[in-house]
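# Chain and residue survey
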Amino acid sequence: MELTRRNAIVMGAGALFVAGLPLRVSAAGEDAIAAFTGGAEIGAGDIKLTAPEIAENGNTVPIEVSSDTAAEIMVLALGNPTPGVAKFKFGKLAAARHASTRIRLAGTQDVVAIAKLDDGSFVQASATVKVTIGGCGG
Amino acid sequence: MAKDVKPRVKVPKSAAAGEAITIKTLISHNMESGQRKDKEGNAIPRSIINRFTCDFNGENVIDVAMEPAISTNPYFEFEALVPEAGEFKFTWYDDDGSVYEESKMIAIG
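Residues numbered from 1 in each chain as written. Chains lettered and ligands numbered in written order. Predicted model: local features only at pLDDT ≥ 70, side-chain atom pairs only at ≥ 80, totals over all residues. Heavy atoms only, no water.

### Regarding the pairing of strand β7 (residues 86–94) of chain B
Residue and element names in this part refer to chain B. Spelled out, the test is: Strands are treated as partners if at least two bridges between them are detected by DSSP. For helices the rule is a DSSP run of H or I covering at least 4 residues; for strands it is a run of E covering at least 2, with both sets numbered from the N terminus onward.
Where strand β4 (residues 49–56) meets β7, seven bridges bridge the pair, whose relative direction is antiparallel. For cysteine 54, the partnering residue across the bridge sits in β7 and is phenylalanine 90. Sheet analysis places β7 next to strand β8 (residues 99–108), joined by eight bridges and oriented antiparallel. Across the sheet, residue tyrosine 93 finds its bridge partner in β8, namely valine 99. In this structure, the hairpin formed by β7 and β8 is closed by a connection of four residues, where glycine 97 is found at a positive phi of approximately 95°.

As C-alpha cells, this is what we get:
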C-alpha cells in the first residue's frame, strides 16, 4: 500500500483504536486479576455480585457477593486509583459463600467480582455503578 | 494505634446445632486511603485495617483481605455454621500493627 496522507491518518486512527481498547481495564487491574487467577481463563457462572445501579455517595457503596461453590472471591473496582477492594476467603464453617460490605468508588465504573471455585476454575461477574459524588477525596 | 477503634459485633445468643446464623460486624476506623491530601497538599499516609478474620472454636469462618477501597468503619455481614456451643472470635489487623479482638459466646438451645 502506498503511504499517502490519507492512508497514514487511517492507520493512525486504527492503531489508536486498538491501543485504546485494553486501556479500559487499567494495567493495575489486569495485574491484580493475573495475580489472583495465575493467568487462568475466566468464565461466567456461579458468582453473583449485587451493587446499586446508582450510588449517590461513592464513599460508602453497599455491595454483596455470593456463590455456591466459591472458595475465594476477589472484588475489584477498576476505576479506582488502586483497583483492589477486598478478597474473601471462606473457611470450613462458612454457612454460605456470601458476604456483604461497603466500599469506596472514585467515580462511575465497573465493579468486578472474580471467584475461585472449589474445582479450581475462575468465574466473574460485574456491575456498573453510577457514582454521583466520588469517594476518594481530592 | 488509631484512635477510638471500637469493634461491634452482632451474633445471636443461641442457635440450634448445625444452624446457619448471620453475623454482622462493624468496627469504627477511619480507613485513611492514602489518596487524600491535607490542606497543604501533602498526601495523608494510608492507615487502614488490612485483614479481618472470624473463627469459631478455632475453625475458620471467613478471612477477608482489605484494600483502601473498603469504606470508613468497615462493615461485614456473612453467614456461619454453628455445630456446637462455643465462642466466635473476631480479629481485625491494622496497618500499624495493632490487632483488635472481640469474642461472642453462643449457646445451643
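### Let's talk about the packing of aromatic side chains
Stated formally: The rule is short: rings of Phe, Tyr and Trp, with Trp giving its six-membered ring, pair when the centres are within 6.5 Å, and they are stacked under 30 degrees, edge-to-face over 60, tilted in between. Here's how the labels work: a residue is buried when its accessible area is under 20% of the maximum for its type, exposed when over 50%, partly exposed in between, all with a 1.4 Å probe on protein chains only. Counting as a charge over the ring demands two things of the Lys NZ or Arg CZ atom: a distance within 6 Å of the ring centre and an angle within 35 degrees of the ring normal.
Counted by the stated rule, this structure contains nine aromatic pairs over all chains. Ring geometry for phenylalanine 36 of chain A versus phenylalanine 122 of chain A: centroids 5.7 Å apart, planes at 70°, classification edge-to-face. With phenylalanine 36 of chain A in helix α2 (residues 27–37) and phenylalanine 122 of chain A in strand β9 (residues 122–133), this residue pair connects regions lying 86 residues apart in the sequence. The class for phenylalanine 36 of chain A is buried, based on a relative accessible area of 11%. Between phenylalanine 52 of chain B and phenylalanine 76 of chain B the ring centres are 5.5 Å apart and the planes differ by 5°, which places this aromatic pair in the stacked class. With phenylalanine 52 of chain B in strand β4 and phenylalanine 76 of chain B in strand β6 (residues 75–82), this pair connects stretches of sequence that are 24 residues apart. Taking relative accessible area as the criterion, phenylalanine 52 of chain B reaches 0% and is therefore assigned buried. In textbook terms, an aromatic cluster arises when at least three aromatic residues are bridged by ring pairs, as seen for Phe88 of chain A together with Phe52, Phe56, Phe76, Phe78, Phe88, Phe90 and Trp92 of chain B. For arginine 102 of chain A, the ring lying beneath its charged end belongs to tyrosine 75 of chain B, and the centroid distance is 4.2 Å.

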